[in-house]
Amino acid sequence: MQYQPQAVRPNAGHQCTRPSAVELLRAQVCSNDELSFLMEAHDGLSATIAQRSGFKGLWASGLSIASSLGFRDANEASWTQLVQSAERIVDSTKLPVLVDGDGGFGNFNNARLLARKLHQAGAAGVSLEDSCFPKLNSLIGERHPLADIDEFSGRLRAVKDAIADNLVLVARIEALIAGHGLNEAILRAHAYADAGADAILIHSRKSTADEMLSFVTEWRNRLPVVIVPTTYFRTPVSAYRDSRISTVVWANHSMRAAAAAMRRICDSIAAQESVASIESDIAPLSEIFELLRYDELAVAEKQYLQPS
């Protein structure tokens with residue numbers, strides 16, 4: 001039986017309330033009816049830009065947040081830094097935010113603490129991967145030991161017991177990343193579904209989507225499937241719709257775009273010892289002021305600093 005998100009019910013006064021962030025995310029991630037897209041954000045500005053571009057949900061990327069802080073994606077940034085970054089992303093938009101929680105920063109106790117703190121920060125969901133602490137980015141090297149299935153299932157159950165339905169819980173499977181093959185990935189997916197996951201994120205580092213699509217076919221949508229096509233980016237989106245995949249995560253593209261743009265601009269300024277030639281290639285200050293709603297501050301100043 002496929003999961004179907006519950007409709008938002010009107011209150012006793014027959015007035016429809018606005019869906020919560022968790023309900024909004026659940027409607028996107030926990031449904032096979034329509035393909036959803038989550039855009040990476042690593043700070044308030046990238047979140048604001050993603051919302052302006054029309055995205056309906058955000059992925060608070062562990063890689064991108066760590067990179068923006070000057071850390072490697074190897075659990076060098078602490079869980080408190082992740083929570084603080086997620087809070088800024090949440091506060092900057094009205095969009096639901098699914099947070100990349102790595103493996104939960106330890107055992108079941110660390111994972112449930114992280115989940116509670118993310119809930120308090122306003123996150124709508126958390127993705128936990130079946131890696132060992134400290135993790136290493138999935139696309140780096142060959143050292144990717146997997147957590148024991150029962151131990152990781154315990155992490156998932158602990159999170160569910162701690163926050164119940166107050167966060168969407170996505171179980172991320174690294175079996176294909178670690179080279180263990182399809183059967184191991186399917187075995188883990190069933191175990192994590194039994195442990196209470198709301199959706200399964202299947203990750204692959206191949207340059208084509210074949211490995212991931214084989215998983216989807218074998219899995220038969222027992223739970224909705226989330227994918228991260230960072231390496232198999234040439235696959236047309238129609239293939240995901242045909243496979244009834246729930247959600248595509250564009251996982252690191254704002255951070256990578258920012259890095260490339262900053263490198264070009266810094267190289268130019270350093271070489272020319274001038275900013276005259278690059279002014280047309282960067283955002284005008286007026287755009288930054290608009291994105292961050294300086295106009296609201298001006299209105300508030302008139303209301304509170306200069307009351308009539």
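Residues numbered from 1 in each chain as written. Predicted model: local features only at pLDDT ≥ 70, side-chain atom pairs only at ≥ 80, totals over all residues. Heavy atoms only, no water.

**Overview of a nonpolar patch on the surface**
Residues Leu45, Ile49, Leu285, Phe289, Leu292 and Tyr294 make up a contiguous nonpolar surface patch of about 550 Å² in total accessible area. Contributing elements (two or more residues each) for the nonpolar patch: helix 2 (44-52) and helix 11 (285-291). Within the secondary structure layout, Tyr294 lies in helix 12 (residues 294-304). (Patch = residues over 30% accessible without salt bridge, like charges linked within 9 Å, V, L, I, M, F, W, Y side chains within 5 Å. Areas by Shrake-Rupley, 256 points an atom, 1.4 Å probe, with all protein chains shown as cover. Salt bridge = Lys/Arg side-chain N within 4 Å of Asp/Glu carboxyl O. Helix = DSSP H or I, 4+ residues; strand = E, 2+ residues; numbered from the N terminus.)

**Considering the layout of surface pockets**
Roughly 710 Å³ of internal volume is contained in the largest pocket. Lining the largest pocket are 24 residues, and of these Leu45, Ile49, Ala258, Ala261 and Met262 sit closest to its centre. Looking at the lining of the largest pocket, the elements that each hand over two or more residues are helix 2, helix 3 (62-68), helix 10 (253-272) and helix 11. When residues of the lining of the largest pocket are assigned to their parent elements, the largest contribution, seven residues, is made by helix 10. When the residues that make up the lining of the largest pocket are grouped by side-chain class, the tally is 15 nonpolar, six polar and three charged. (1 Å grid on protein atoms, 1.4 Å probe; cavity = no way out; pocket = protein on both sides within 12 Å on 5 of 7 lines; lining within 4 Å. Points joined across faces, edges and corners; volume = space filled by probe spheres on them. Nonpolar A, V, L, I, M, F, W, Y, C, P; charged D, E, K, R; others polar.)

**Considerations on the pattern of salt bridges**
Going through the model one piece at a time under the given rule, you end up with 16 salt bridges. Of the charged contacts in the structure, one is a salt bridge between Lys135 and Asp102, with a shortest N-O distance of 3.0 Å. On the criterion of sequence distance, the pair formed by Lys135 in the loop between strand 4 (125-129) and helix 6 (149-163) and Asp102 in the loop between strand 3 (97-100) and helix 5 (108-120) is long-range, its members being 33 residues apart. Asp102 carries the same exposure label as Lys135, and that label is buried. Linking Glu184 and Arg188 is a salt bridge whose minimum nitrogen-to-oxygen distance equals 2.8 Å. One end of the pair, Glu184, and the other, Arg188, are both in helix 7 (residues 181-194), four residues apart, so they sit about a helical turn from each other. Note on Arg188: relative accessible area 5%, which makes it buried. The structure contains a network of salt bridges with shared partners spanning Asp73, Asp100, Asp102, Glu129, Lys135, Arg172 and Glu174. (Buried < 20%, exposed > 50% of the residue type's maximum accessible area, 1.4 Å probe, protein only.)

**What to know about the packing of aromatic side chains**
Evaluation of the coordinates by the stated rule reveals four aromatic pairs. Centre to centre, the rings of Phe215 and Trp219 are 6.1 Å apart; their planes meet at 15 degrees, and the pair counts as stacked. Of this pair, Phe215 and Trp219 both sit in helix 8 (residues 210-219), four residues apart, roughly one helical turn. Residue classification places Phe215 among the buried residues on the basis of a relative accessible area of 0%. (Phe/Tyr/Trp six-rings, centres within 6.5 Å; stacked < 30°, edge-to-face > 60°.)

**Here we look at the side chain of Ser153**
Topologically, Ser153 is positioned in helix 6. Apart from the residues within four sequence positions on either side, Ser153 is in contact with Ala191, Tyr192 and Ala195. (Contact = heavy atoms within 4.5 Å.)

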